[in-house]
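An overview of the molecular structure
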Amino acid sequence: MTAHEDLLSRRADYPILGRRTYLASHTLGAMHRRTPERLAEFAGQWAEQGVVAWQDWAPEVERIADLVGSLVGAPAGTTVLRQNVADLLGDLVASLDWRGRRNRVVTSALEWPGSLYTWSQIGRLGGEAVVVPADADGLAFDLERMLDSVDERTLLVECSHVLFRTSTIVDVRPLVARAHDVGALVVVDGYQAAGTLPVDVVALGVDAYLGGSVKYLSGGPGNGWMYAAPDVSARLEPVTAGWFGQTAPFAFDPDIAYASGVRRFAGGTPGVPSAYAAEPAYQALADIGLRRIRERSVSLTQPLLEGALERGFSVRSPHDPDRRGGHVSIDPGRGGVSSGQVHDRLLERGIVVDHRPGVGIRVSPHFYNTLDEALGVLDAMSEVLAGR
Ligand SMILES: Cc1ncc(COP(=O)(O)O)c(C=O)c1O
């Protein structure tokens, strides 16, 4: 068996790969073949057992939370599932006291817009947002300026592990060291890292690490997740605890007694079907291992990037693979044809990628793609530009 044959033998587990050239796992990972089976299992339990199905559902949701957590190095019991990042970040923010002198969040202008929207409202809780701008072309993360902005007034530092536009890997460690030096917490948005980079949240020393599952994790919508370091979650008291954030939900106690650890962020009734839908894809990644996936990813993205440069296309992602996550942002636009128009023509040809203003076309060969697929997208771009 050659180096990647075992990975390619898994292509049959992702049905879309037989129908399209699928290079959009940075935005919606391919569905696993077993997802419909697990959804049918959920529906069968509901149909046959009714409310008694909670005896299966509640522990299974916790097991699946641990499974997704294990993909970013989180020990059992330190990850919780919620619908999405916005919910989790909002709850984390509301569990902190922003009314004192230490009331600042330090973040960057390159963050996920949904998170920037939260920071734009932080004044309502008494907080103040310090949003570090990007460099002149609006794409590069300014680590030095982030570090300089963190001081005794900082309550929280928030940044992405991998930037969603350019795929730049942010060096989180110096930020964690600086934040902890001054007594601030760090929350990292690992959405674009999880499932493509080996991540060890414990070794990174972050206080919280959150993301969702629609991208490289192939878990579909409805499965946001958050790791919190046990010593941190023990101190945080979310406002919207919900009954699953309580020690014993089925005791229906009117007084709040927070569940131990991060489970206090569980909120209300969990999204059981979403968790069931995600499990096969999480398990596949766990079986392969993130080191292997990363190795494969780089072996596809580097020739893709070099091929794009050889054709004279602009590449808006770091050229050094050690500084780049799982996708390459390529702007092939020229001669009056915009990258958005090239993107539309690619879709018509059955090549699924996506387009983001300012960076062009994002292409993300995942472990289940072939080199021919990754390089074929460049040929297709050239053909579109040549009017073919
Ligand atoms: C870095 C990053 N954070 C967050 C999100 C999504 O946030 P939410 O789960 O709130 O939809 C995305 C993409 O959808 C993303 O790329």
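Residues numbered from 1 in each chain as written. Predicted model: local features only at pLDDT ≥ 70, side-chain atom pairs only at ≥ 80, totals over all residues. Heavy atoms only, no water.

**Things to note about a nonpolar patch on the surface**
A cluster of nonpolar side chains, namely Trp 243, Phe 250 and Phe 252, defines an oily patch on the protein surface of about 330 Å² accessible area. Overall, the relative accessible area of 45% leaves Phe 250 in the partly exposed class. (Patch = residues over 30% accessible without salt bridge, like charges linked within 9 Å, V, L, I, M, F, W, Y side chains within 5 Å. Areas by Shrake-Rupley, 256 points an atom, 1.4 Å probe, with all protein chains shown as cover. Salt bridge = Lys/Arg side-chain N within 4 Å of Asp/Glu carboxyl O. Buried < 20%, exposed > 50% of the residue type's maximum accessible area, 1.4 Å probe, protein only.)

**Overview of the packing of helix α4 (residues 85-94) against helix α5 (residues 113-120)**
Interhelical geometry of α4 versus α5 gives an angle of 30° and a closest axis separation of 10 Å. For the element pair α4 / α5, the angle class is roughly parallel. As for the relative orientation of α4 and α5, their crossing is right-handed in sense. Residues Val 85, Leu 89 and Val 93 of α4 form the contact with α5, whose own contacting residues are Ser 115, Thr 118 and Trp 119. For the contact of α4 with α5, the per-class residue count stands at 4 nonpolar, 2 polar and no charged. (Axes fitted to C-alpha atoms, helices over the stretch in contact; angles between N-to-C directions. Helix = DSSP H or I, 4+ residues; strand = E, 2+ residues; numbered from the N terminus. Parallel < 35°, antiparallel > 145°, perpendicular 65-115°, else oblique. Left-handed = near helix turned anticlockwise from the far one by under 90°. Contact = heavy atoms within 4.5 Å. Nonpolar A, V, L, I, M, F, W, Y, C, P; charged D, E, K, R; others polar.)

**A few points about the sheet that holds strand β9 (residues 314-315)**
Sheet strands pair via backbone hydrogen bonds, and the direction of the pair is either parallel or antiparallel. An order of β9-β10-β13-β12 is seen for the 4 strands of this open sheet, with the pairing classed as antiparallel. Single-partner strands in this sheet number two, and they are β9 and β12 (354-356). Direction of pairing for β9 relative to strand β10 (residues 328-331): antiparallel, over a ladder of 2 bridges. Following the sheet pairing, Ser 314 is matched in β10 by Asp 331. Those strands touched by helix α11 (residues 290-310) are β9, β10 and β13 (360-363), and its axis lies near 15° from that of β10. Together, β10, β12 and β13 form the strand contacts of helix α12 (residues 339-348), whose direction differs from that of β13 by roughly 45°. (Pairing = 2+ DSSP bridges.)

**Structural notes on empty space enclosed by the protein**
Under the defined criterion, the tally for this structure stands at 2 cavities of 30 Å³ or more. Reported here for the largest cavity is a volume of approximately 50 Å³. Looking at the largest cavity, the residues that line it are Leu 92, Leu 156, Leu 185, Val 186, Val 187, Asp 207, Ala 208, Ala 228, Val 232 and Leu 236. In terms of residue count, strand β6 (residues 185-189) provides more of the lining of the largest cavity than any other element does, 3 residues in total. Residues that form the lining of the largest cavity fall into these classes: 9 nonpolar, no polar and 1 charged. Estimates place the volume of the second largest cavity at around 30 Å³. (1 Å grid on protein atoms, 1.4 Å probe; cavity = no way out; pocket = protein on both sides within 12 Å on 5 of 7 lines; lining within 4 Å. Points joined across faces, edges and corners; volume = space filled by probe spheres on them.)

**A look at α12**
When we look at burial in α12, the residues that qualify are Ser 339, Gly 340, Val 342, His 343 and Leu 346. For α12, the buried positions fall inside an angular range of 160° around the axis, keeping them on one side. Buried residues along α12 sit in contact with β10, β11 (351-352), β12, β13 and α13 (371-385). Within two residues after α12, Gly 350 carries a phi angle of roughly 85°, on the positive side. (Arc of directions from axis to C-beta.)

**Focus on the sheet that holds strand β5 (residues 154-160)**
If you trace the 7 strands from one edge of the open sheet to the other, you get β2-β8-β7-β6-β5-β3-β4, paired in mixed fashion. Among the strands making up the open sheet, the edge pair consists of β2 (79-82) and β4 (128-132). Looking at each pair of strands side by side, their axes are set apart by 20° on average, direction ignored. Taken together, the 4 bridges between strand β7 (residues 208-211) and strand β8 (residues 224-228) define a ladder with antiparallel strand orientation. Within the sheet, the bridge partner assigned to Gly 211 lies in β8 and is Trp 225.

**Observations concerning the environment of Val 353**
Of note, Val 353 is situated in the loop between β11 and β12. The buried category is assigned to Val 353, whose relative accessible area is 4%. The spatial distance from the C-alpha of Val 353 to the C-alpha of Ser 364 is 7.7 Å, given a sequence separation of 11 residues.

**Quick look at the domain arrangement of the protein chain**
Frequently, the measure chosen for interface size is the accessible area that the parts lose on association. In terms of domain boundaries, the protein chain breaks down into domain 1 (5-30 + 289-385) and domain 2 (37-286). A straight line from the C-alpha centre of domain 1 to that of domain 2 covers 28 Å. Each partner contributes to the interface: domain 1 provides 32 residues, whereas domain 2 provides 22 residues. Where domain 1 abuts domain 2, roughly 2,200 Å² becomes buried across the two surfaces, and 54% of that area is made up of carbon and sulfur atoms. Summed over the shared surface of domain 1 and domain 2, the result is 0 salt bridges. On the surface where domain 1 and domain 2 come into contact, there are 16 residue pairs in polar contact (both at pLDDT 80 or more). Here the side of domain 1 that touches domain 2 is built from residues that sort into 9 nonpolar, 14 polar and 9 charged. (Domains from an automatic or database assignment. Buried area = accessible area lost by both parts, 1.4 Å probe. Polar contact = N/O pair within 3.5 Å; in protein donor to acceptor, adjacent residues only side chain to side chain.)

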